[in-house]
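Coordinates in review
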Amino acid sequence: MLLVLKLSAGEEERAALKARLDATGAVYRVENHGGREVWSLHGSVPPIDECAGLPGVERALLPGDGYLLASRALHPDPTELKLGNTIVGGKMFLLAAGPCAVESKEQMEICAKAAKAAGAAVLRGGSFKPRTSPYSFQGLGAEGLMIHRKAADAHGLLMMSEVLDRQDLPAVGEIADILQVGSRNMQNFPLLKELGKQAKPVLLKRGLAATREEFLLAAEYVLAGGNSRVMLCERGVRSFDPALRHTLDLGSVVLLKQMTHLPVLVDPSHAAGRRELVLPMARAAAAAGADGLMLEIHPDPARALSDGPQALLPRELMALKADLERILPVAGKSLGEES
Ligand code: PEP
Ligand code: MN
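Residues numbered from 1 in each chain as written. Chains lettered and ligands numbered in written order. Predicted model: local features only at pLDDT ≥ 70, side-chain atom pairs only at ≥ 80, totals over all residues. Heavy atoms only, no water.

Here the focus is the pairing of strand E11 (residues 202-205). The alternating pattern of E11 places Val202 and Leu204 on one face and Leu203 and Lys205 on the opposite face, and all of these are buried. Here strand E10 (residues 178-181) pairs with E11 via 3 bridges, running parallel. Bridging from a neighbouring strand, Gln180 pairs with Leu203 of E11. Handedness of the crossover joining E10 and E11 through helix H6 (residues 189-195) is recorded here as right-handed. Judged from the 4 bridges that link them, E11 and strand E12 (residues 230-234) form a sheet pairing that is parallel. In the sheet register, Lys205 faces E12, and the bridge partner there is Cys233. Regarding the hand of the β-α-β motif, the stretch spanning E11, helix H7 (residues 212-224) and E12 is right-handed. (Buried < 20%, exposed > 50% of the residue type's maximum accessible area, 1.4 Å probe, protein only. Helix = DSSP H or I, 4+ residues; strand = E, 2+ residues; numbered from the N terminus. Pairing = 2+ DSSP bridges. Right-handed = clockwise from strand over helix to strand, strands pointing away.)

With respect to the helices, strands and loops of the structure, Gly173 is situated in helix H5 (residues 169-175). Overall, the relative accessible area of 11% leaves Gly173 in the buried class. Considered as a pair, Gly173 and Met146 are 27 residues apart in the sequence and their alpha carbons are 13 Å apart. The contacts of Gly173, once residues within four sequence positions are left out, are Leu179 and Lys200. (Contact = heavy atoms within 4.5 Å.)

Let us look at the packing of aromatic side chains. Each aromatic ring pair is characterised by the separation of its centres together with the angle its planes make. Scanning the model with the defined rule gives 2 aromatic pairs in all. With centroids separated by 5.2 Å and ring planes inclined at 20°, the aromatic side chains of Tyr28 and Trp39 adopt a geometry described as stacked. Of this pair, Tyr28 sits in strand E2 (residues 26-33) while Trp39 sits in strand E3 (residues 36-43), placing them 11 residues apart in sequence. Residue classification places Tyr28 among the partly exposed residues on the basis of a relative accessible area of 23%. (Phe/Tyr/Trp six-rings, centres within 6.5 Å; stacked < 30°, edge-to-face > 60°.)

A separate point is the coordination of the manganese ion (ligand 2). Coordination sphere of the manganese ion (ligand 2), protein contribution only: Cys100 (SG), His270 (NE2), Glu296 (OE) and Asp307 (OD), at 2.0 to 2.4 Å. All donors of the manganese ion (ligand 2) belong to a single chain; written as a sequence motif, their spacing is C-x169-H-x25-E-x10-D. Remark: Glu296 occurs in strand E14 (residues 292-296) and His270 occurs in helix H9 (residues 268-272); sequence separation between them is 26 residues. Accessibility expressed as a relative area gives 8% for His270, which makes it buried. (Donors = N, O, S within 2.8 Å, 3.2 Å for Na, K, Ca; no water.)

Moving on: helix H8 (residues 250-259). Where H8 is concerned, the buried positions are Ser252, Val253, Leu256, Lys257 and Met259. Within H8, the buried residues cover an arc of 165° as seen down the axis, which keeps them to one side. On the buried face of H8, the contacting elements are H7, E12 and strand E13 (264-266). (Arc of directions from axis to C-beta.)

We now examine the sheet that holds E3. Taken in spatial order, the 4 strands make up an open sheet running E2-E3-E1-E4, and their pairing is antiparallel. Bordering the open sheet on either side are E2 and strand E4 (57-61), each of which pairs with just one other strand. Each adjacent strand pair in this sheet contributes to an overall mean axis angle of 25°, direction not counted. Where E2 meets E3, 8 bridges bridge the pair, whose relative direction is antiparallel. Among the inter-strand pairings, Glu31 is bridged to a residue of E3, identified as Val38. Strands strand E1 (2-5), E2, E3 and E4 of the sheet are contacted by helix H1 (residues 11-24), whose axis makes an angle of about 10° with E3. (Axes fitted to C-alpha atoms, helices over the stretch in contact; angles between N-to-C directions.)

The subject of this paragraph is the nonpolar core. The biggest cluster of nonpolar side chains holds 75 residues, and the ones touching the most others in it are Leu123, Leu204, Leu232, Leu293, Leu295, Leu320 and Leu324. Mapped onto the domain boundaries, this core takes at least three residues apiece from domain 1 (2-65) and domain 2 (81-335). With 15 residues, the next largest nonpolar core counts Leu81, Val88, Leu203 and Met294 among its residues. (Core = buried A, V, L, I, M, F, W, Y, C linked by side-chain atoms within 4.5 Å. Domains from an automatic or database assignment.)

If you want it as structure tokens, here you go:
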């Protein structure tokens, strides 16, 4: 159990709390998290209701609820993260677009131009790709990062790239503006701990079979490590129906917005798996209150080296801009562009 102490807790209250815990045989560790004193209890712990009323205690949490730093309990207002000239998590809506994988200079130039024209602030693209098959295209690696950087800079966009492994972190961390953690790595705890030491913002994608608690606890790893710039991304969960690649959990977007102060983005591309489903799902996500969207685009999806079937054409992305301009006011947001 975790006890969050009141900011006003004094020595007398601490001594009384200690005495009560010692009497039950609880073992405890005192740590500072986000400026709050947190006692984590083990062993023979008094019941939660009693703990909540102990001297100096503001809140008692069970381990599963222990996403202290991600939770709204201690941070009631939404976090607004500054990314370049744009802000995510407040009234501005963040659009990130780009190919699944960085393939060539020409491909990235077309994607960057299309992303910018559609109002995106972020150019996505993977250079270290998590592929289901070892025989599939694995990404261009360091060369891809350079191509991506140049295309983003040429169009005044931020660069978001996936970090697949701790060993890639120095290369990606040095070049990219936003570090993406993919679905398959949501519970790669050593990687999350390393990202906690980074100064760059992290986009954490929900694992394809992860509960919301597990998702928030994964974000907690990065936050507890000292990096407060975390965005969440819903990208669909594995369900029983293969007609869709995954099932986009929009209820979760609404719920997450209530549970956490962190910005919540939606990736309808990986959820849908099919181009014709992506735009309606993107519109639904915007209406549901998401803080932004991440979309895959490709100039020639039939020749894409990964995820071609779900990639939008540049002109399809352009059509979304007009839709978002109409939908976003309903959710109290507007398209925030890098200026
Ligand atoms: C991606 O966004 O490139 C990706 C691989 O998605 P996910 O981790 O959600 O499968
Ligand atoms: Mn992809």
